[in-house]
Amino acid sequence: MTARPSYDKLIFELSSPGRFAYSLPASDVPVSDVATLLPAEFVRPAAPELPEVSEVDVVRHYSRLSQLNYGVDTHFYPLGSCTMKYNPKVNEDMARLPGFARLHPLTPEAGSQGALALMHELARDLGEIAGMDHVSLQPAAGAQGELAGVLMIRAYHLSRGERRHTVLIPDSAHGTNPASVALAGFSVVQLRSDDHGEVDLADLDRHLDEDVAAFMITQPNTLGLFESKIHQITETCHARGVQVYMDGANFNAILGLTRPGDLGFDVCHFNLHKTFTTPHGGGGPGSGPVGVKAHLAPFLPVPVVVQDEDGGFALDWNRPQSIGKLQAFWGNFGMLVRAYTYIRTMGPGGLRAVAENAVLNANYVLKRLDGDYDRSAPGPCMHECVLSARRQKRLGVSAMDIAKRLLDLGFYAPTTYFPLIIEEALMIEPTETESKETLDAFCDAMIQIAREAETNPALAQEAPVTTPVRRLDQTLAARQPVLRWTPQVK
Ligand SMILES: *Cc1c(COP(=O)(O)O)cnc(C)c1O
């Protein structure tokens, strides 16, 4: 067995008796006094077994651990459908302003006017971006935004005396869509995509009946395609009393170009931790505001930030038809400050340029990889492209192997095996902020792997070999993560 690399050594294993990293003055409390000063149950019978290490050992240990993190601040991150964008540092400066960072969430309205003003303006800006009349900033994730939206749709139908029990969702949908719908008490009916990866209109028409509460779709869809018949879809739904929900988790393809509200959607959510550059990953904190048209406003979660005639801001709790409160305090406020900063620094023209460049970059990648990989749909894509590794799979190299080989070549992997309707899917989202040089380096690596699949498939099959850990059992790693060091019993 080869020696374990030093970053794999735990601080306890570096321990050597007599080493230490502190210099404290000697205690002036006589040991004999401890028993009288502290209640017996707080006195340890023996000193704890702490690692004995020098200062350089400690500093190097934690510095090494910090370098094991893979993130947007260190590497390109082409994870499709999850928009791992850069996190502008000005966002962090603003979120750390003491007036925001130190504000207690229960500060009375009179003492939190600045925070309420920011929330009011951010909701207005998001409403403007999406063509929605009202926005709630409360949901803490895209999935919670979906839940809020679907609950509002349910409350709307009930307020009209209608009981509808199903929600239609295309087979290309993100997994949170059916989960949120089920959590809201609806049953899910899955619709087929047509040969071009778009909603199959005939299938939609067949399923639209009096029991359908909503149609929930992603635009652009998860194949990175703009649903071209969207006006027809929303009109057909409305004609049958069906509300239309847009999953707007990845808004960066359409910012400033079109708006869900103008396309006929009644509800949409945003992921601030995707499109609007707030940090993302490690389990949060996320933020998934939800926007609605005016007819759904009575059902918004409480409280709603309102502005009175003399310009002051207040929290309105008096909304009898509200679906209720969804989130502790007022949502993840620090994320709201970051997203607000981003929108304000970009301005309308800047946001439009984001969408144009996101689409340009994705099409550049698609074009460069076309030929070496199969594509999932004909024609150009929006902010992300979905390829299929079915050709490589026949040579013994799966989408998962390609993802692992990319790690060896210094890139994070794209999303794999999603959307589910594409065999051996590789879903690549470069985002708008990457340079041509970075995109080229990534495409070169992808092309190299496609060539290797023909000549030396073992390279991908055995990858990764350069990472701190090799292939994990992904299910076990997620279900039973080992989060702390446990001493070996001697
Ligand atoms: C990320 C994503 C979601 C869910 O957002 P979370 O914040 O992870 O809950 C929903 N739909 C799509 C298309 C997404 O990409």
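The model shown is predicted, which means the values in this text are computed figures rather than measured ones.

What counts, and at which threshold
Residues numbered from 1 in each chain as written. Predicted model: local features only at pLDDT ≥ 70, side-chain atom pairs only at ≥ 80, totals over all residues. Heavy atoms only, no water. Pairing = 2+ DSSP bridges. Helix = DSSP H or I, 4+ residues; strand = E, 2+ residues; numbered from the N terminus. Contact = heavy atoms within 4.5 Å. Axes fitted to C-alpha atoms, helices over the stretch in contact; angles between N-to-C directions. 1 Å grid on protein atoms, 1.4 Å probe; cavity = no way out; pocket = protein on both sides within 12 Å on 5 of 7 lines; lining within 4 Å. Points joined across faces, edges and corners; volume = space filled by probe spheres on them. Nonpolar A, V, L, I, M, F, W, Y, C, P; charged D, E, K, R; others polar. Buried < 20%, exposed > 50% of the residue type's maximum accessible area, 1.4 Å probe, protein only.

Pairing in this open sheet of four strands is antiparallel, and the strands run β10-β11-β13-β12 from one edge to the other. The open sheet has two edge strands, β10 (374-375) and β12 (415-416), and neither has a second partner. Across two bridges, the pairing between β12 and strand β13 (residues 425-428) is antiparallel. Opposite T415, over in β13, you have M427 as the bridge partner. Across the sheet, helix α11 (residues 333-369) is in contact with β10, β11 (385-388) and β13; its angle to β11 comes to roughly 20°.

In total, this model carries four cavities of 30 Å³ or more according to the counting rule given. Counted as a void, the largest cavity has a volume near 60 Å³. Looking at the largest cavity, the residues that line it are L223, L225, L366, R375, S376, A377, P378, G379, P380, C381, C385 and V386. In terms of residue class, the lining of the largest cavity is built from nine nonpolar, two polar and one charged.

Moving on: the pairing of strand β6 (residues 267-270). Here β6 shows no split at all, with V267 and H269 on one side and C268 and F270 on the other all buried. Across four bridges, strand β5 (residues 243-248) lies against β6 in parallel orientation. Within β6, the position partnered with M246 by the bridge is C268. Note: β6 against strand β7 (residues 290-292), three bridges, orientation antiparallel. Paired with C268 across the two strands is G291, which belongs to β7.

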